[in-house]
There are 2 protein chains.
Amino acid sequence: MLEAELILVKKPMHDQEVPVRQAKRDPRHVTLRDVARQCGMSLTTVSRALNHPEFHKEETVERILSVALELGYNPAYHDSARRLSLRRHGIELLNHQIALVFPQDFAYSNYFRLLFAGIWDVLTPAGFGLVLLKSSSFVSSQLPVSFARGEIDGVIMHVTPSDWYAAITKLREESNFGPRPVMSLLSNSIPGCSSVEVDARCHGYLAVKHLLGLGHRAIMYQIKHIDMQPLWHISERVAGYQQAMQEHGLDPAIHLIPVDIGAAYWEIANEPKQHHLLSALPAVPRSDDHPLLVQLRRHPEVTAVLAHNDASAILIRHVLDFIGIRVPEDMSIIGVDDTDPMLDAEGRNMLTTVRLPLEEAGRLAARELIRQLTDKDESQQESRHFLPTELIVRGSTAPSRR
Amino acid sequence: MLEAELILVKKPMHDQEVPVRQAKRDPRHVTLRDVARQCGMSLTTVSRALNHPEFHKEETVERILSVALELGYNPAYHDSARRLSLRRHGIELLNHQIALVFPQDFAYSNYFRLLFAGIWDVLTPAGFGLVLLKSSSFVSSQLPVSFARGEIDGVIMHVTPSDWYAAITKLREESNFGPRPVMSLLSNSIPGCSSVEVDARCHGYLAVKHLLGLGHRAIMYQIKHIDMQPLWHISERVAGYQQAMQEHGLDPAIHLIPVDIGAAYWEIANEPKQHHLLSALPAVPRSDDHPLLVQLRRHPEVTAVLAHNDASAILIRHVLDFIGIRVPEDMSIIGVDDTDPMLDAEGRNMLTTVRLPLEEAGRLAARELIRQLTDKDESQQESRHFLPTELIVRGSTAPSRR
DNA sequence: TTGTACGCGTTATCAG
DNA sequence: CTGATAACGCGTACAA
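Residues numbered from 1 in each chain as written. Chains lettered and ligands numbered in written order. Predicted model: local features only at pLDDT ≥ 70, side-chain atom pairs only at ≥ 80, totals over all residues. Heavy atoms only, no water.

1. Brief notes about the overall build of chain A
Where we set the bar: Secondary structure elements follow DSSP: runs of H or I no shorter than four residues count as helices, runs of E no shorter than two count as strands, and numbering proceeds from the N terminus. Throughout this description, buried means an accessible area under 20% of the type-specific maximum (1.4 Å probe, protein chains only), exposed means over 50%, and partly exposed covers the range between. Contacts are assigned to residue pairs that have any heavy atoms within 4.5 Å of one another. Every accessible area reported is derived by Shrake-Rupley at a probe size of 1.4 Å, with residue values counting cover from the shown protein chains alone.
A count of helical and extended segments in chain A gives 15 helices and 14 strands. A buried classification covers 56% of the 402 residues belonging to chain A. Considering only intrachain contacts with a sequence separation of at least 6, the fraction spanning at least 24 residues in chain A is 72%. Accessible surface, chain A: about 17600 Å² in total, of which carbon and sulfur atoms supply 53%.

What follows is the structure, given as structure tokens:
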């Protein structure tokens, strides 16, 4: 109670002094000419002193600078004039504005918020604004006007295999965006674009190797996204599974069992919309004939499941709970991403998973984009970066009973 | 396996045809003059036909429009020229750019992502770009250049009681932002700004009334944020608690017990950074002398706890687990926000909570801002909107045993 | 209904 | 080292 009242009292009381919106904006803005007049110098000199001080006496520059400051000259305000003038000489200024294209309402998924956090982390301190775009509308409808206005300096995008071609074509065809840099972030590698990628083959390899080391011999893996989105890089990942198997002298065709657990088989709990996609998705299998259960009955030798990502892993565990299979005692589960926690009884994350360096990937993409925008020489260079992944062993995997 | 290979094959093979970045941009841009020449008309006519078609014969307008289209005239590209020209007559164009000021790395909290989702939902289809700003740096350091350039049309912000004054002063003092509209979203009501608010008194009232109806008579409530941020509107909320008590003929001074569960008392599990603030915060009380436990020992009559928000509710539940107090059998818990699930054994959300219409609030703020930016007449009008809250009863509250 | 003329504020060029 | 000048492309008074 004390605390509460203290805060109430602290509330500022200067309602009167708050600068309120005025009816009219100050119509008189300081221009370079004003500064020149005040200095008794020519307009040209002032402009040059500000942009290329090396051509002038230090004394002159200082003088001009101080007058400009005193008069409150604000070059940013006259940006349009500068741009117009510069255009004559074929010079385009940076707008410090980046477009971010994400495939879904990113605010609902940990995966994208982490990517975003990394990007933001770099872009914002560097003075770049961010324009967020949904890739679905990006591909299907007109590009936002900002592109036509040439306000977008570059793009960071995360596109599906089916979308990337349409997206890049649209971008390159907008004459006012045309040749500017595009970064593909954890998605396809696109001709003419830079990219930040992870080795999907490695995910699979690491996960299976871990399971084999624990004595597991029959492993099930997920081949459909819960939300029916295409699974990115699934073939690379499967190649990784197979490689690990073969290194152990096992035949992937026998020891790897695919399972489809698409959306059709789930009954999403009837919660307010804001819960549907949050990390702890409340969902239960529709019934006893959920394909996961069917497959498990058909392959009783299976002791481990490779989920496509953490969210899937969590759902799969719910299904197992449903029929009394315990994790990790009866069945091991591995996720991918390290974005969503699978909670144990103490509220701790027990999910063994392949960690993707998402924030770092976002940061790298942003840094690389800024570099291309800034470095005069290298701006034509596309770059490709590969980030390592790491297996995080927690409690959802255990030695096989068999 | 089949699926996987199918997707691989589907990958587009047109690497050759992809429009790649060209070395030089096309230097020749179509101007109004080009259009005029092609039409055999004057520059003025063309300009006016495009901006004020009502002054011209329909025939003329059509002709000009078609020529402009044919030549590929792009007005957006010549934005700076238009702005420069318009400025002479004191006209400022919209930039279709809104700044969003949030108090922390919003990507980590469900609360802010829901607000954001609502805002985005409205702003993006309307063609507005979003610049995201952290309020800490917003208050402490220089405003981003975009403000000085006059590129920001308006601001939506969520500020703490201690920050709002500094924030609004800074904004109003930037002559190039000056009088433009500012929306306060679920934070303070600020003089000269519009706001979207919820009635905090109502939160408290609803929650306590529900508990009293279940027979609870001694109720504990949280007076410090886990992360030591100030608690917004705590006094209003407490007023709500008290009102409900009094309506039941109970003395708040006796039946309401405050408890401080600030950060000092928690040991955040040593997880990779990306987990620290995710919805299911893995945290345990530092020891047996956690203030919550101390207070519970001192007040054995307490049968219910009012958490400040859902995240706190979840933490509090962990503490109770720690000493074997079951929810809701031994103790009822109520959260606020309806943003984070408290999971039961089946993975369903069991948290009774006061639901804040966050997405709706975001949408409303965005819509209102656009209205002010667009409506010529009303642009000087500040607005205040109040949104209703709703008690969502789930499983974390039950009749009192006592 | 249409055309003429001017200036928005800056910058690079070129001549001193 | 400094100054005069000519655009950049547009939109609007004003005159016709």
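2. Some points on the protein's contact with DNA strand D
Spelled out, the test is: Residues are labelled near a given molecule or strand when at least one of their non-hydrogen atoms is within 4 Å of it. Nitrogen and oxygen atoms within 3.5 Å of one another constitute a polar contact, given that in protein one can donate a hydrogen and the other can accept it, and given that sequence-neighbouring residues count only through two side-chain atoms. Classification used: nonpolar for Ala, Val, Leu, Ile, Met, Phe, Trp, Tyr, Cys and Pro, charged for Asp, Glu, Lys and Arg, polar for all others including Gly.
For DNA strand D, the set of nearby residues contains 25 residues, the closest of which are T45 and H56 of chain A together with L32, Y73 and R88 of chain B. Between a base nitrogen of DNA strand D and a side-chain N or O atom of R88 of chain A, the distance comes to 2.8 Å. Elements supplying a minimum of two residues to the surface near DNA strand D: α3 (43-51) and α5 (79-87) of chain A together with α3 (43-51) and α5 (79-87) of chain B. The element best represented in the surface near DNA strand D is α5 of chain B, accounting for 4 residues. Considered class by class, the residues forming the surface near DNA strand D number 6 nonpolar, 14 polar and 5 charged.

3. Brief notes about the environment of R37 of chain A
Looking at the element boundaries, R37 of chain A is found in helix α2 (residues 32-39). R37 of chain A sits 73 residues away from N110 of chain A along the chain, and the two C-alpha atoms are 57 Å apart.

4. Some points on the protein's contact with DNA strand C
Taken together, 27 residues form the shell around DNA strand C, and within it L32, S47 and Y73 of chain A together with T44 and T45 of chain B come nearest. Sugar and phosphate atoms form 60% of the subset of DNA strand C atoms that lie within 4 Å of the protein. Residue Y73 of chain A places a side-chain N or O atom 2.3 Å away from a phosphate oxygen belonging to DNA strand C. A distance of 2.7 Å separates a phosphate oxygen of DNA strand C from a polar atom in the side chain of H56 of chain B. Breaking the surface near DNA strand C down by element, the ones donating at least two residues are α3 and α5 of chain A together with α3 and α5 of chain B.

5. Brief notes about the domain arrangement of chain A
Residues and elements named next belong to chain A. Note the threshold: Start and end points for every domain follow an automatic or database-based domain assignment. By buried area we mean the combined loss of accessible area, with a 1.4 Å probe, across both parts when two parts are placed together. Put simply, a salt bridge is a Lys or Arg side-chain nitrogen that is within 4 Å of an Asp or Glu carboxyl oxygen.
Along its sequence, chain A is carved into domain 1 (4-88), domain 2 (97-198 + 358-387) and domain 3 (200-356). On the domain 3 side, the residues contacting the 13 residues of domain 2 number 12 residues. Carbon and sulfur atoms make up 62% of the area that domain 2 and domain 3 hide from each other, which totals about 1200 Å². At the surface where domain 2 touches domain 3, the tally comes to 0 salt bridges. The tally of links from domain 2 across to domain 3 stands at 2 residue pairs in polar contact (both at pLDDT 80 or more). The element best represented in the side of domain 2 that touches domain 3 is helix α6 (residues 110-123), accounting for 3 residues. Grouping the amino acids of the side of domain 2 that touches domain 3 by side-chain chemistry returns 9 nonpolar, 4 polar and no charged.

6. Description of the sheet that holds strand β11 (residues 332-337) of chain A
Residue and element names in this part refer to chain A. What counts, and what does not: Paired strands, as defined in this entry, are two strands with at least two bridges between them according to DSSP. Convention adopted: a line fitted to C-alpha atoms gives each axis, helices being fitted over their contacting stretch, and angles between N-to-C directions are expressed from 0 to 180 degrees.
Here 6 strands make up an open sheet; going across it, the order is β7-β6-β10-β11-β12-β14 and the pairing mixed. Unpaired on one side and paired on the other, β7 (256-259) and β14 (390-392) mark the two borders of the sheet. Within the sheet, the average angular offset between the axes of one strand and its neighbour, ignoring direction, is 25 degrees. Here strand β10 (residues 304-306) runs beside β11; their pairing, made up of 3 bridges, is parallel. Each bridged residue has a counterpart across the sheet, and for A304 the counterpart in β11 is S332. Against the sheet, helix α14 (residues 310-322) makes contact with β6 (219-222), β10, β11 and β12 (352-355), and its axis sits at roughly 155 degrees relative to β11, the strand it touches most.

7. Focus on the packing of helix α10 (residues 200-213) of chain B against helix α11 (residues 234-247) of chain B
When two helices pack together, their arrangement is given by the angle between the helix axes and the distance between those axes. Residues and elements named next belong to chain B. As a reminder of what qualifies: It is the rotation of the near helix from the far one that decides the hand of a crossing: anticlockwise by less than a right angle makes it left-handed, clockwise makes it right-handed.
At a minimum axis distance of 6 Å, the contact between α10 and α11 shows a crossing angle of 35 degrees. Here α10 runs over α11; the crossing is right-handed. Note on element contacts: α11 touches α10 through E236, R237, A239, G240, Y241, Q243, A244, M245 and E247, opposite A200, R201, H203, G204, Y205, V208, K209 and L212. Classifying every residue of the contact of α10 with α11 gives 8 nonpolar, 4 polar and 5 charged.

8. Notes on α5 of chain A
Heads up, the rule is: The directions from the helix axis to the C-beta atoms form the arc being described.
Taken together, the buried positions of α5 of chain A are D79, S80 and R83 of chain A. Along the axis of α5 of chain A, the buried residues cluster in a sector spanning 95 degrees; they form a single face.

9. Quick word on the sheet that holds strand β1 (residues 97-102) of chain A
All names here are of chain A. Read from one edge to the other, the open sheet built from 6 strands follows the order β2-β1-β3-β4-β5-β13, with strand pairing classed as parallel. Looking along the sheet, the strands with just one partner apiece sit at the ends: β2 (129-134) and β13 (384-387). Averaged over all adjacent pairs, the angle separating strand axes in this sheet is 15 degrees, with direction ignored. Two elements, strand β4 (residues 182-185) and strand β5 (residues 194-198), share 3 bridges in a ladder whose sense is parallel. Each residue of the ladder has a partner; that of L185, found in β5, is V196.

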